[in-house]
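# A structural walkthrough
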Amino acid sequence: MAEKVSIRIPTPLRGHVGGAASVELAGATVGEVLRELTQRHEKLHGRLFDEQGQLNRFVNVFLNDEDIRFLQGLDTQLKDGDGVKLVPAIAGGSAGTPTGEGGGPCRQ
Amino acid sequence: MSFVRGLTCKECGTAYPVTPRMICDECFGPVEVSYDYAAMRGVVTRERIESGPRSLWRYRDLLPIEGEPRAGLRSGYTPLVRAERLGRELGVRELYLKDDSANYPTFSYKDRVVAVAVTRAIEFGFDTVGCASTGNLAHAVAAHAAAAGLSAVIFIPHDLEAGKVVATLVFGPRLVKVRGNYDDVNRLCTEIADEYGWAIVNVNLRPYYTEGAKTHGFEIAEQLGWRLPKHTVVPVAGGTILPKVWKAYREFIDLGLVADDGPRIHAAQAKGCNPVARAIESGADTFQPQKPNTIAKSIAIGNPADGPYAIRVVRDSGGFAASASDGEILDAVERLARSEGIFTEPAGGTTLACAIQLIESGRIPRDEPVCVSITGNGLKTIEAQQGRLPEVPVIEARLEAFAAIAAPPKTAAPAGSG
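Everything numeric here is computed off the predicted structure, so don't read it as measured data.

### Some remarks on the confidence of the model for chain B
The predicted model of chain B averages 95 in pLDDT, with 98% of residues at 70 or higher. Quick note on the complex model: pTM equals 0.92, ipTM equals 0.78.

### Things to note about the pattern of salt bridges
Residue and element names in this part refer to chain B. Enumeration according to the criterion identifies 39 salt bridges over all chains in this entry. Glu 219 is paired through a salt bridge with Lys 98; the nearest N and O atoms lie 2.7 Å apart. Pair noted here: Glu 219 is in helix α9 (residues 214-223) and Lys 98 is in strand β5 (residues 95-99), with a separation of 121 residues, a long-range link. Each member of the pair, Glu 219 together with Lys 98, is buried. Where Arg 315 meets Asp 285, a salt bridge forms, and the shortest distance between an N and an O atom there is 3.1 Å. Note that Arg 315 is positioned in helix α12 (residues 307-317) and Asp 285 in the loop between α11 (275-282) and α12, a separation of 30 residues in sequence. Taking the relative accessible area as the measure of exposure, Arg 315 reaches 36% and is therefore partly exposed.

### As for the sheet that holds strand β8 (residues 174-178) of chain B
Residues and elements named next belong to chain B. Judged by pairing direction, the sheet is parallel, and its four strands sit side by side in the order β8-β7-β6-β9 without closing on themselves. The sheet terminates laterally at β8 and β9 (199-200), the two strands that pair on one side only. Where helix α6 (residues 162-169) meets the sheet, its contacts fall on β7 (151-157) and β8, and the angle it forms with β8 comes to roughly 155°.

### Looking at the pairing of β8(B)
Residues and elements named next belong to chain B. Judged from the five bridges that link them, β7 and β8 form a sheet pairing that is parallel. Note on β8: the bridge partner recorded for Pro 157 is Val 178. In this fold, the crossover linking β7 to β8 by way of α6 has right-handed handedness.

### So, the nonpolar core
Membership of the largest hydrophobic core comes to 154 residues, with the highest contact counts inside it found for A:Leu86 and B:Phe252. Formed by six residues, the second largest nonpolar core is a distinct cluster that contains B:Leu56, B:Trp57, B:Leu63 and B:Ala115.

### A few points about the sheet that holds strand β5 (residues 83-88) of chain A
Spatially, β2-β1-β5-β3-β4 (chain A) is the arrangement adopted by the five strands of the open sheet, whose pairing is mixed. At either margin of the open sheet sits one strand with a lone partner, and together these are β2 (22-27) and β4 (66-67) of chain A. For strand β1 (residues 2-8) of chain A and β2(A), the ladder comprises five bridges, and the chain directions are antiparallel. Residue A:Ser6 lies in a different strand from β2(A), and its bridge partner there is A:Glu24. Relative to the sheet, helix α2 (residues 30-40) of chain A contacts β1, β2, β3 (59-63) and β5 of chain A, its axis offset from that of β2(A) by approximately 120°. Its contacts with the sheet place helix α7 (residues 182-195) of chain B against β1, β3 and β5 of chain A, and it is angled at close to 80° to β5(A).

Conventions we followed
Every chain begins its residue count from 1, and numbering advances along the sequence as written. Each chain is given a letter, starting from A, and each ligand a number, starting from 1, according to the order in which they appear as written. In keeping with the model being predicted, local features are shown solely for residues with a pLDDT of at least 70 and side-chain atom pairs are shown and tallied solely at 80 or more, while totals for entire chains, interfaces and linings include all residues. With hydrogens and water set aside, each side-chain value is computed from the structure's full complement of heavy atoms. Think of pLDDT as the predictor's per-residue confidence, scored from 0 to 100. Criterion for a salt bridge: a side-chain nitrogen of Lys or Arg within 4 Å of a carboxyl oxygen of Asp or Glu. Secondary structure elements are defined from DSSP: runs of H or I of at least 4 residues count as helices, runs of E of at least 2 residues count as strands, and each element is numbered from the N terminus. For each residue, the accessible area found with a 1.4 Å probe, counting protein chains only, is set against the maximum for its type, and the residue is called buried under 20%, exposed over 50%, and partly exposed in between. Strand pairing is defined by DSSP finding a minimum of two bridges between the two strands. Throughout, a contact is declared for two residues whenever any of their heavy atoms are within 4.5 Å. Orientation is described by lines fitted to C-alpha atoms, with helices fitted over the stretch in contact, and by angles between N-to-C directions that extend from 0 to 180 degrees. A crossover counts as right-handed when, viewed with the strands pointing away from the observer, the path leading from the first strand over the helix to the second turns clockwise. Think of a nonpolar core as a cluster: buried Ala, Val, Leu, Ile, Met, Phe, Trp, Tyr and Cys residues, connected wherever their side-chain atoms sit within 4.5 Å.

So this is what it looks like as structure tokens:
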């Protein structure tokens, strides 16, 4: 359980969190802090998650600058001081399953 | 006069005015330029296009600018080469090469997208343009910005080919090497576009920038005598050009400029970075990102922004995909050079190698017209061919020195030649 993780909010979403560029939260996994974030700021929920609770495919999530699809997706564990970034997928890609199932990253 | 109506979200259809914008506020999906096609009908004709400049701006009615073109006035309208010798070798009756290695002024397809993006940046009032690039875009942004009198800020992966770095630096941009691959650079640029007031052409000007790629497809259709090739093989990096070639074909069909004979678009990727080809081959709708490792650095994008659309277009058009190994890529570069006299970069070798695979597997029948998109120039990536070409002999400037290494002359010299 990380007590303090910062989540960077991209401009298009800042209006939904009172204009903040980043928000600090606690949680054990990336999924946990993102769900906490959407509980505090309800309008974010429909933008970050789809009806099945999966990440919106147009939002990429990075933990300390690594795409979480190369880690354990929303189940990736957090430690104190970690930085989570929400980045519009225009920077690349729309994911398959956020956990990386179905092939997974390929390092050749 | 402009036929641009505004921006529309490709996913949820929300409409936005013409501003620098990359994504939809509602669903985060990408936005695309929308046009008044009804007003174009009967106005945008073959004759009108043929009377335009010999550049990509002959298609300006179908490009997202408001006033006069401000950049790339001589870009585009590159050769469409009928590849007779290579076609014979492959047993293909009608093989064409759309040769953007001869694009002006920076020898890649990127002159097209940057011509449109820089014009739009000026219209929006930006004084600085930038990009995240695997090299060709860096080169194009630096050159077009210099010619337009704009400042340029360019971000590239730290390990690019020397030719691309020099060819960019010479124009005097602010160039930054980022430790990491293109996907790292692109993520950083998305954050930079968020913080700084710059026109990052492939981020916050992306809807305008990508439209420029259509001109590659428009030219294929016009230069083929106002018809479409049955098969077009297009490389996939960020996934921009492939869906835009398709869009170009569809627009020409819808405007009645060409007949619809069911053109198919095929995707080409390197084996060391093939998220889109893998998704197509496995029947998946989405791709899994990869960490690229290929000699084709200009198309080494493991997390392609428009990948989902490339997958969709290939599937909807009835096309397929192939992936080429580094060896196959370099073989294809040399084969193209030796059969057609065109020196392309590894990305072009990838496309040709994949086209050959698709022909040999029967996905592309040998009796149907095929066009292969050659998108970049080999002079920028000379490292790639290192160790593959023969040692060059050095001799004294004496006839005997040459005679010692030459095969005996086959025929006597023509009379009176000496």
